[in-house]
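Coordinate analysis (summary)
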Amino acid sequence: MDSLTYVNQNKQRFLDELFGWLLIPSVSADPKFNEDVFEAAEYVKKKFEEAGAENCELIPTDGFPVVYAEKIVDPSKPTILMYGHYDVQPADPYELWETPPFEPVVRNENIYARGSCDDKGQVYMHVKAFEYMMKNDALPCNVKFIIEGEEEIGSKHLDDFLRKHKDKLKADVVLVSDTSMIANDCPSVTIGLRGLSYMEVEVVAANRDLHSGTYGGAVANPIQVLARMISSMKDENNHITIPGFYDDVVEYSKEQRDEMAKRPFNLDAYKKELGIEDVEGEAGYSSLERATIRPTLECNGMWGGYIGAGAKTVLPSKANAKISLRLVANQSSAKMSVLFQKHFEKIAPKSVKVKVSVLSGGEGVITPMNSTAYEAASMAMEKTFGKKPIPSMEGGSIPVVAAFEKILGLKTALMGFGLDTDALHSPNEHFGLFNYYKGIETIPYFFQYFTELSKK
Ligand code: BES
Ligand code: MN
Ligand code: MN
């Protein structure tokens, strides 16, 4: 039986099992959900066991455990290392969800729940694709699964994990479904991800909150100083003003940019879907380029002063912000964090004291198209979508992908089935039923083609 037939015979069960996982609020960022994060790990471990995997275990790290499962059919055959994550982003603000984030439902052919696309839904496609291959004698090679619980907080312990278990993780390629495709009728294989540096800053003026009448106008207002400092980090062309920031950025040739611009993109539809009159970004680049091959600096949150009901005339003592840099492949995250920190300290006026802490980071990646990894993903998608996928650069980050190359020496195939419009990290995150089932149908072909290509 082929994978499509198997999917069609098991649709409801595949959905019910995923729902069981989506019910568990495995938010890694918030300690309140610690037990749920462990429970989500246990849940998927059990599902791997039920699907026929061996040596399933939770491997401890200094943070949340990594779920490990494997099936070794023949040590002389190639081994695919599949990676994904079982943790999810916080669901806040809850009131903006049409149905509660941890009560999965199907609406308009989409599964609505936090984690439905990022990444539980996409990981679960692999569990069911594996089940199909086991039940139908269609597993052509060895497979090892590692599903981590700290991706959404920067995969802090994963480098150590890879180093420590290097032998156990020996493989020929990494397969990841944690990215998007261009559209359901326009499949794509991801060839680039941005890196990240994430900072939290604090600006302190006076040693206590002050009466804004008595002191206002005479002592620095840290909120306003912080706002000014953040604004100053982009100029009128939306160029980032941190000295040295662009030094390592790879510039693409006109030919390469023309090639990338061939992928379908409708600016009007983009604006409409987001409810904006106009876009904004670095002068000289298209929206797609701004969100993929160009670095950026974004304030992710900002707080300070009085935000309760009514008016309180106060001159706050301090203000804070979370600021992230999205980096392109050749920029080092550690180096950019230092540049940011130095610059932030330098532009602070004497009237305030500032503190910068680096919360997390990760390197960008470019995956070569002339690799077996890319080729197998491309062939698999072509087989089930009926058209050849387009290579696509993406703006998000998966910090561990660079580590797979650096620590394990492995290339990664980024074969994702989500859409940019699936509201990842937002209220009403969803994942199309089409996409979920298509993923399960497609993954076994990756296994088949990768195994065949490896023989040559
Ligand atoms: N799955 C995303 C990354 C992603 C999203 C790649 C869409 C391509 C398209 C991942 O879970 C994620 O959100 N990563 C974080 C990394 C951070 C927490 C270190 C990100 O990009 O913000
Ligand atoms: Mn993800
Ligand atoms: Mn995410």
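First, a word on what this report is: a plain description of the structure on this page. This structure is a prediction, so every number in the text was calculated from the model and none was measured. (Residues numbered from 1 in each chain as written. Chains lettered and ligands numbered in written order. Predicted model: local features only at pLDDT ≥ 70, side-chain atom pairs only at ≥ 80, totals over all residues. Heavy atoms only, no water.)

Observations regarding the coordination of the manganese ion (ligand 2)
Protein ligation of the manganese ion (ligand 2) involves H85 (NE2), D118 (OD), D178 (OD) and D178 (OD), the donor distances falling in the range 2.0 to 2.4 Å. In this structure, the manganese ion (ligand 2) lies 3.6 Å from the manganese ion (ligand 3), and both are coordinated by D118. Taken together, the residues H85 in strand 3 (residues 79-85) and D118 in the loop between strand 5 (110-112) and helix 3 (120-135) connect sequence positions 33 residues apart. Across the pair, D118 and H85 agree in class, each one buried. (Donors = N, O, S within 2.8 Å, 3.2 Å for Na, K, Ca; no water. Helix = DSSP H or I, 4+ residues; strand = E, 2+ residues; numbered from the N terminus. Buried < 20%, exposed > 50% of the residue type's maximum accessible area, 1.4 Å probe, protein only.)

Some points on the nonpolar core
By size, the foremost hydrophobic cluster in this structure holds 69 residues, and its most contacted members are W21, F48, Y86, M415, Y436, F446 and F447. Of all the elements, helix 12 (residues 433-455) adds the most residues to this core, at 11 residues. When sequence neighbours within four positions are dropped, the list of residues in contact with Y436 reads F14, L15, L18, I111, G121, Y124, M125, K128 and F431. Among the nonpolar cores identified, the runner-up in size contains 28 residues, and A205, I240, Y246 and L325 belong to it. (Core = buried A, V, L, I, M, F, W, Y, C linked by side-chain atoms within 4.5 Å. Contact = heavy atoms within 4.5 Å.)

Here's the deal with the site of ligand 1
Lining the immediate environment of ligand 1, one finds 18 residues, of which E151, D178, R326, S397 and H425 sit closest. Contact distances for ligand 1 include 2.8 Å between a nitrogen atom and a backbone N or O atom of S397. With respect to ligand 1, the side chain of H425 contributes an N or O atom lying 2.8 Å from an oxygen atom. Expressed as a share of its isolated accessible area of 520 Å², the protein-covered part of ligand 1 is 90%. For the shell around ligand 1, the class distribution of residues is 5 nonpolar, 7 polar and 6 charged. (Near = heavy atom within 4 Å. Polar contact = N/O pair within 3.5 Å; in protein donor to acceptor, adjacent residues only side chain to side chain. Areas by Shrake-Rupley, 256 points an atom, 1.4 Å probe, with all protein chains shown as cover. Nonpolar A, V, L, I, M, F, W, Y, C, P; charged D, E, K, R; others polar.)

Focus on the sheet that holds strand 12 (residues 296-304)
Read across the sheet, 4 strands follow the order 12-14-10-15 without closing on themselves; strand pairing throughout is antiparallel. Two strands in the sheet have a free side with no partner beyond their single neighbour: strand 12 and strand 15 (353-362). Averaged over all adjacent pairs, the angle separating strand axes in this sheet is 20°, with direction ignored. Note that strand 10 (residues 195-204) and strand 15 share 9 bridges and pair antiparallel. Residue pairing across strands places V204 opposite K353, the latter belonging to strand 15. (Pairing = 2+ DSSP bridges. Axes fitted to C-alpha atoms, helices over the stretch in contact; angles between N-to-C directions.)

A short note on the pattern of salt bridges
If charged atoms from side chains of opposite charge come close, those side chains can pair. A full pass over the atoms with the stated rule returns 24 salt bridges. Between R294 and E282 there is a salt bridge, and its shortest N-O distance comes to 2.8 Å. Taken together, the positions of R294 in the loop between helix 8 (287-290) and strand 12 and E282 in the loop between helix 7 (267-274) and helix 8 put the pair 12 residues apart, joining distant regions of the chain. Here R294 matches E282 in class, with each residue buried. (Salt bridge = Lys/Arg side-chain N within 4 Å of Asp/Glu carboxyl O.)

So, the state of the cysteines
The full count for this structure, using the stated rule, is 0 disulfides. In this structure C117 is a free cysteine whose sulfur lies 17 Å from that of C186, the closest cysteine sulfur available. You can call C117 buried: its relative accessible area is 2%. (Disulfide = S-S within 2.5 Å.)

With respect to a nonpolar patch on the surface
The grouping of F265, L267, Y270, L274 and I276 at the surface amounts to a nonpolar patch, some 390 Å² of accessible area in total. Locating I276 in the fold gives a position in the loop between helix 7 and helix 8. For I276, a relative accessible area of 34% corresponds to the partly exposed category. (Patch = residues over 30% accessible without salt bridge, like charges linked within 9 Å, V, L, I, M, F, W, Y side chains within 5 Å.)

Topic: the environment of G284
Along the chain, G284 turns up in the loop between helix 7 and helix 8. C-alpha of G284 to C-alpha of G364: the two residues are 80 residues apart in sequence and 22 Å apart in space. The residues contacting G284, other than those within four sequence positions of it, are R257 and E289.

Examining the coordination of the manganese ion (ligand 3)
Note on metal sites: the ideal angle is 109.5 degrees for four tetrahedral donors, and 90 or 180 degrees for six octahedral donors. Those donors, D118 (OD), E152 (OE), E152 (OE) and H425 (NE2), are the protein atoms that reach the manganese ion (ligand 3), and they lie 2.1 to 2.6 Å from it. Viewed at the metal, the 6 donor atoms of the manganese ion (ligand 3) are separated by angles of 55 to 155°, and the geometry they form is irregular. Mapped onto the sequence, the donors of the manganese ion (ligand 3) take the spacing D-x33-E-x272-H. Relative accessible area serves as the criterion here: at 40%, H425 is assigned to the partly exposed category. (Tetrahedral: all angles 85-135°; square planar, octahedral: opposite > 155°, others 65-115°.)

Comments concerning unusual backbone geometry
Going from D92 to P93, the amide bond is cis rather than trans, its omega being -10°. Turning to its location among the elements, P93 is positioned in the loop between strand 3 and strand 4 (105-107). Residue D119 is reached from D118 by a cis peptide bond, and omega for that bond is 5°. Within the element layout of this structure, D119 appears in the loop between strand 5 and helix 3. Although it is not a glycine, S155 adopts a positive phi angle of roughly 50°. Here S155 lies in the loop between strand 6 (142-148) and helix 4 (158-164). With a relative accessible area of 6%, S155 lands in the buried category.

Honestly, that's just the spatial picture; any functional story needs more than this.
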